[in-house]
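As a plain string of letters, each chain reads:
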Amino acid sequence: VDKHGQVPSFESIQLRVDRIREMKAKLQAEGKEDVLIAKYGDIETDTSTQFFNKFGGNFMK
Amino acid sequence: MTNLHGSQRHSQLILLQPTPFCNINCNYCYLPDRQNSQCMSHETAELIFRRCFECTYIRSPFTFLWHSGEPLSLSPDYYEKAFNSASNIAKEFNKSFDHCFQTNATLINPEWIKLIQSHKVKISISLDGPEFVHDLNRVTHSKSGTHKSAMKGIRMLQDAGISLSAICVLTDFSLDYPDEIYNFFSRNNINYVGFNIDEIEGVNLKSSYSSSDSFKRYSQFIYRFLELAHAQDNTLRVREFDIVLGTLLADSFGDFEDTTNQPLEVISFDYNGNYATFSPELLGIKTDRFDDFSMGNVRDGELDSIFRNSRFATVKAEIERGLKACKESCEYWGFCGGGPPVNKLFEHNRFDSTETLFCRVHKKILADTVLSYIENTSGLQSIST
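Bear in mind that the values here come from a model prediction, so they are computed numbers and not experimental data.

A.B. asks: Account for the overall build of chain A, with residues named and values stated.
C.D. replies: Per the secondary structure count, chain A includes three helices and zero strands. Order of helices (α) and strands (β) in chain A, N terminus to C terminus: α-α-α. The buried share of chain A, reckoned over its 61 residues, is 41%. When the accessible surface of chain A is summed, it comes to about 3300 Å², and 51% of that surface belongs to carbon and sulfur atoms.

A.B. asks: Could you give me a rundown of the overall build of chain B, with the residues and numbers involved?
C.D. replies: The helix and strand inventory of chain B stands at 13 helices and 11 strands. Taken along the three principal axes of its C-alpha coordinates, chain B extends 65 × 50 × 40 Å. Burial status across chain B gives 61% buried among its 385 residues. Once the 37 positive and 48 negative side-chain charges of chain B are each reduced to a mean point, those two points are 2 Å apart.

A.B. asks: Can you lay out the pattern of salt bridges for me, pointing to particular residues and giving the numbers?
C.D. replies: All names here are of chain B. Using the criterion set out here, one finds 26 salt bridges over all chains in the structure. Ionic pairing is found between Arg 217 and Asp 176, a salt bridge with its closest N-O pair at 2.9 Å. On the criterion of sequence distance, the pair formed by Arg 217 in helix 7 (residues 212–231) and Asp 176 in the loop between strand 5 (164–170) and helix 6 (178–187) is long-range, its members being 41 residues apart. The buried category is assigned to Arg 217, whose relative accessible area is 12%. The partner of Lys 316 in a salt bridge is Glu 320, and the shortest N-O contact between them spans 3.0 Å. Residue Lys 316 and its partner Glu 320 are both found in helix 9 (residues 310–329); the two are separated by four residues, about one turn of the helix. In this structure Glu 320 comes out as partly exposed when scored by relative accessible area, which is 33%.

A.B. asks: Help me get a handle on the packing of aromatic side chains, residues and values and all.
C.D. replies: Residue and element names in this part refer to chain B. For the structure on display, the rule yields 34 aromatic pairs over all chains. Note on Phe 62 and Phe 64: the rings are 5.2 Å apart at their centroids and 85° apart in plane angle, and the pair reads as edge-to-face. Residue classification places Phe 64 among the buried positions, given a relative accessible area of 0%.

A.B. asks: Tell me what's going on with unusual backbone geometry, and back it up with residues and numbers.
C.D. replies: Residue and element names in this part refer to chain B. Positive phi values are uncommon outside glycine, yet Asp 291 reaches one of about 55°. Residue position: Asp 291 is located in strand 11 (residues 291–292). Residue classification places Asp 291 among the partly exposed residues on the basis of a relative accessible area of 43%.

A.B. asks: Requested: an account of helix 6 of chain B, with residues and values cited.
C.D. replies: Residue and element names in this part refer to chain B. Taken together, the buried positions of helix 6 are Pro 178, Ile 181, Tyr 182, Phe 184 and Phe 185. Down the axis, helix 6 shows its buried residues gathered within 160° of arc, on one side only. Residues of helix 6 that are buried sit in contact with helix 5 (147–159), strand 5, strand 6 (192–197) and helix 7. Of the residues one or two after helix 6, Asn 189 is the one with positive phi, at around 55°.

A.B. asks: Account for helix 12 (residues 357–377) of chain B, with residues named and values stated.
C.D. replies: Residue and element names in this part refer to chain B. For helix 12, built from 21 residues, the straight-helix expectation of 30 Å at 1.5 Å per residue is met to within 8% by its first-to-last C-alpha distance of 29 Å. Considering bend angle alone, the principal kink of helix 12 is centred on Ile 365 and spans about 30°. Most of helix 12 is tucked away: 17 of the 21 residues are buried.

Basis of the calculations
Residue positions are given per chain, counted from 1 along the sequence in the order it is written. Naming scheme: in the order in which they are written, chains are lettered from A and ligands are numbered from 1. Reporting of local features is limited, given that this is a predicted model, to residues whose pLDDT is at least 70; pairs of side-chain atoms are given and counted only at 80 or more, and all residues count toward the totals for whole chains, interfaces and linings. Computation of side-chain values: all heavy atoms of the structure, hydrogens and water removed. The helix and strand labels rest on DSSP assignments: H or I over at least four residues marks a helix, E over at least two residues marks a strand, and numbering proceeds from the N terminus. Only protein chains enter the accessibility calculation, which uses a 1.4 Å probe; a residue whose area is less than 20% of its type maximum is buried, one above 50% is exposed, and one in between is partly exposed. Per-residue accessibility takes into account occlusion by the displayed protein chains alone, with areas from the Shrake-Rupley method and a 1.4 Å probe. Under the counting rule used here, the positive set is Lys and Arg, the negative set is Asp and Glu, and His together with the chain ends is not counted. Each charge is placed at NZ for Lys, CZ for Arg, CG for Asp and CD for Glu. Put simply, a salt bridge is a Lys or Arg side-chain nitrogen that is within 4 Å of an Asp or Glu carboxyl oxygen. Only Phe, Tyr and Trp rings take part, Trp by its six-membered ring, and two of them pair if their centres are within 6.5 Å. Stacked means planes under 30 degrees apart, edge-to-face means over 60, and tilted covers everything else. By definition, the arc is the one covered by directions from the helix axis to the C-beta atoms. Contacts are assigned to residue pairs that have any heavy atoms within 4.5 Å of one another. To estimate how far a helix should extend, the number of its residues minus one is multiplied by 1.5 Å. Throughout, bend refers to the angle between the axes fitted to the seven residues that end at a position and the seven residues that start at it.

This is the structure we're talking about:
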C-alpha cells in the first residue's frame, strides 16, 4: 500500500478489521494512546457527536 | 414498544419540507419541483406536530429537521408561529425535541439570527469549500455563484455565537483540492463537516464519479484529508471518519445500521402533509413501478396507520430483500448495513438490489482508505510483525 493507500489490499476486510481491533486492545492494555484511536475509540458514547450524527444520513444536501 | 425488528429503536429524525422552493439551483440537486413556492400551512404543521408527539414509535428526544427546499425562503414569522405551536402541543405529551435548519445560508439576516437564538435552532449549512469549488455547482437560477452570500450568512451566524456544521458535496472536481478544502473549513472555524458525493437520485440522473480515475482520486482525497485532520489532532471533525473509525473501533463491530433502510427511523413529511419513511429523497419522487412513495397523509389519522399502507408494505419487503442480498454478498456489511434504498432504486430501478455507485465510492473506498491510513500510521506494524 503506498502512502495514499492506492494499491488495494488483497487481504479481506475482516482480517484487516480484526488486526486493527487487536492493535487497539494491545495499545489500551499497554496504557498507550494513539490519537486516532483515542479520538474515535469511544465515539458511540461521545454525546457531542450526536447532534451531527442525526444529520448523518446521506440525504443531507 | 418494539419496532418491526423487535428491538427498542425509535425514530429520531422527522424531516419536514416547509416548501419545495429553493432560492438557488445547485447543479447536482436531486429535488424535483424546486421552483414551486407553495408552503406547508400552519394547520398542516400543527397536525404533523400532534401526530408525531402522539406516535408511540417516536420517542424523546427527536429532531424536526426543516429541509428539502430552502427552509429560509419562508419568513422568520412563519417559523415563530410554527415553533410556538410545536412547543405548546409538546406540553400535552411531555416529549422533548429540537428544531434544525439545513440551509444554504444565503438568506440569513438579523431577523433569522433572532429566531435561531430564541428557539435554540441547530444549524447545518450546505457549503462545498472555497469559492472556486463551491461556485462550480452551488449556483443561482441565473447561474451565478453563491459563495459570497453564503459566507456572509455564515459570518452573521458565527458573530452571534451560533455553532454550525457543514455538509460538503464532493464532486469529481473537488477531489484534487483536499488541502484547499481542509484549510477553508479550518480557517473559517467550521469544525464539523460531512461529505456527500453527487449521487444518482431523484432528478439528478448522472454523477461526476464516472470512471476508475474518479475512484482513485476520491481515495487520495480521503487519505490526504485524514492526514491533515490527524496532524491537527482532529480539530476539524469529519462525519465519514467518525462513522468508519467509530464503527471499526466500537465493541459491537458488525452491527452498523443505516437509518434510511429501517422503517420509521426517519419519517419525512412534504408540504402537503404526505409522509413516507426510509430514504427522505423518496418523498416527492415518482417512478414507473411505484408511482410515488407517499405512505399516508397526516390528515388521514395517526402515523401508526402506515403499517396498514400497501405501498409501505411493498417497499419494506423489497428493501429487506435487498438488505439480505447485501449481507450475504458483501464483506463491507459491517461498515454499511445495506446502504440507502434510494440509491438502489435510482441505479437499479429496484430496492432488492445490491451494490451502487454510492456504496462503491462512499462506503467501500472510504472504508478501504481509512483502514489503509490506520495500517500505515498507527502502531500496527509492531503488532503484525
